[in-house]
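Examining the three-dimensional arrangement
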Amino acid sequence: MVSLLPITARGVNVIRNGKTLLAPLDLELSGGGLTIVLGPNGAGKSTLLRVLHGLERPSEGRVRYACARAEAFKRQAFVFQAPIMLRRTALANLAYPLRVHGQGRAEAEKQALTWLETIGLGEHGQIRASRLSGGERQKLALARALIRKPELLFLDEPCANLDGQSIRDIEAILQDVRASGTRLVMATHDLGQARRLADDVLFLHGGRVLEQGAADAFFNAPQTPQAKAFLQGDLVI
Ligand SMILES: Nc1ncnc2c1ncn2[C@@H]1O[C@H](COP(=O)(O)OP(=O)(O)O)[C@@H](O)[C@H]1O
Ligand SMILES: [Mg+2]
């Protein structure tokens, strides 16, 4: 099976309503590991993830996958900041992606149950997803994104507004998923989370990638004044 990686973006920019959300971007995503897309609010993090995933079309340039586009969409998933749940039970929400892709009910529910246990919601399968807490819903959204074993997973600030325990649980799941070889690309403006998780960092500011490289190098020796200010906790303008 041909991999969807590497993804290459060449001369990609995104302009909406006359505003440049992403300035010309050249980027290659390959290999394993967890890339943190870091930057202040409005830097263009969500736009970058959406354009790489194929949710958003570039105004110029192209995003290419190593396999055919239709195939590439099947092998990647996206977790949003605010999870959107079906008006069904937690179990049905998890089984849904498998059912849609032709899996029989019994097998889909079996896998869904295994995932529910993995995320600590084994007892909550028959509860409506809408009744779960924010943290539980986000864990469910993460499991739903992972249940079809994507090769690449995008996460857009999945822990924003969650309590500490849920953040820890989600980070632990992400560490396991990374160890199993899934490529992760996650946007955050939470510096602590970035330090805990990143193998490498893309630092965005004003729609531009200002820094890109190994996490250690970025955190220990940032090159740009904007990254230095951001790492010091200053307001970055
Ligand atoms: N359709 C749009 N038209 C104009 N501006 C937009 C549009 N969508 C997003 N923006 C603006 O683009 C900037 C980058 O947005 P976003 O990618 O969401 O940044 P981040 O995720 O880093 O906070 C923000 O200033 C946002 O307000
Ligand atoms: Mg965002």
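Fair warning: this is a prediction, and the values are worked out from it, not measured in the lab.

Here's the deal with the pattern of salt bridges
Under the defined criterion, the tally for this structure stands at 12 salt bridges. When the shortest N-O distance is used, the salt bridge between Arg-105 and Glu-109 registers 3.7 Å. Taken together, the residues span about one helical turn, with Arg-105 and Glu-109 both in helix 4 (residues 105-118) at a distance of four residues. Residue classification places Arg-105 among the exposed residues on the basis of a relative accessible area of 53%.

Things to note about the packing of helix 5 (residues 134-146) against helix 6 (residues 164-179)
Viewed as axis vectors pointing N to C, helix 5 and helix 6 meet at an angle of 15°, and their least axial separation amounts to 9 Å. It follows from the interaxial angle that helix 5 and helix 6 lie roughly parallel. Read as a crossing pair, helix 5 and helix 6 show a hand that is right-handed. Contact with helix 5, carried on its side by Gly-135, Gln-138, Lys-139, Leu-142 and Leu-146, involves Ser-166, Asp-169, Ile-170, Ile-173, Leu-174 and Val-177 of helix 6 and no other residues of that element.

Topic: the pairing of strand 3 (residues 34-38)
Of all five residues in strand 3, five are buried; the element is thus mostly enclosed. With burial as the criterion, each face of strand 3 is covered, one bearing Leu-34, Ile-36 and Leu-38 and the other bearing Thr-35 and Val-37. Judged from the five bridges that link them, strand 3 and strand 7 (residues 183-188) form a sheet pairing that is parallel. Counted as the bridge partner of Val-37 is Ala-187 from strand 7.

Quick notes on the site of ligand 1
In the neighbourhood of ligand 1, the contacting residues comprise Arg-16, Asn-17, Lys-19, Leu-21, Pro-40, Asn-41, Gly-42, Ala-43, Gly-44, Lys-45, Ser-46 and Thr-47. Residue Ala-43 places a main-chain N or O atom 3.1 Å away from an oxygen atom belonging to ligand 1. The protein chains hide 63% of the 570 Å² of surface that ligand 1 would expose on its own. If you list the elements that add at least two residues to the shell around ligand 1, you get strand 2 (19-29) and helix 1 (45-53). Broken down by element, the shell around ligand 1 gets its largest block of residues, three residues, from helix 1.

Let's talk about the domain arrangement of the protein chain
Domain boundaries in the protein chain define domain 1 (7-75 + 150-231) and domain 2 (87-139). Every contact between the two is made by six residues of domain 1 and, on the other side, five residues of domain 2. Roughly 520 Å² is buried in total at the junction of domain 1 and domain 2, and carbon and sulfur atoms are behind 73% of that figure. The three residues of domain 1 that bury the most area against domain 2 are Leu-162, Ile-170 and Ile-173, which together make up 55% of that side's buried surface. The closest approach of N and O atoms between Lys-139 and Asp-169, which form a salt bridge, is 2.8 Å. Counting every contact that joins domain 1 to domain 2 gives two residue pairs in polar contact (both at pLDDT 80 or more).

What counts, and where the lines are drawn
Residues numbered from 1 in each chain as written. Chains lettered and ligands numbered in written order. Predicted model: local features only at pLDDT ≥ 70, side-chain atom pairs only at ≥ 80, totals over all residues. Heavy atoms only, no water. Salt bridge = Lys/Arg side-chain N within 4 Å of Asp/Glu carboxyl O. Helix = DSSP H or I, 4+ residues; strand = E, 2+ residues; numbered from the N terminus. Buried < 20%, exposed > 50% of the residue type's maximum accessible area, 1.4 Å probe, protein only. Axes fitted to C-alpha atoms, helices over the stretch in contact; angles between N-to-C directions. Parallel < 35°, antiparallel > 145°, perpendicular 65-115°, else oblique. Left-handed = near helix turned anticlockwise from the far one by under 90°. Contact = heavy atoms within 4.5 Å. Pairing = 2+ DSSP bridges. Near = heavy atom within 4 Å. Polar contact = N/O pair within 3.5 Å; in protein donor to acceptor, adjacent residues only side chain to side chain. Areas by Shrake-Rupley, 256 points an atom, 1.4 Å probe, with all protein chains shown as cover. Domains from an automatic or database assignment. Buried area = accessible area lost by both parts, 1.4 Å probe.

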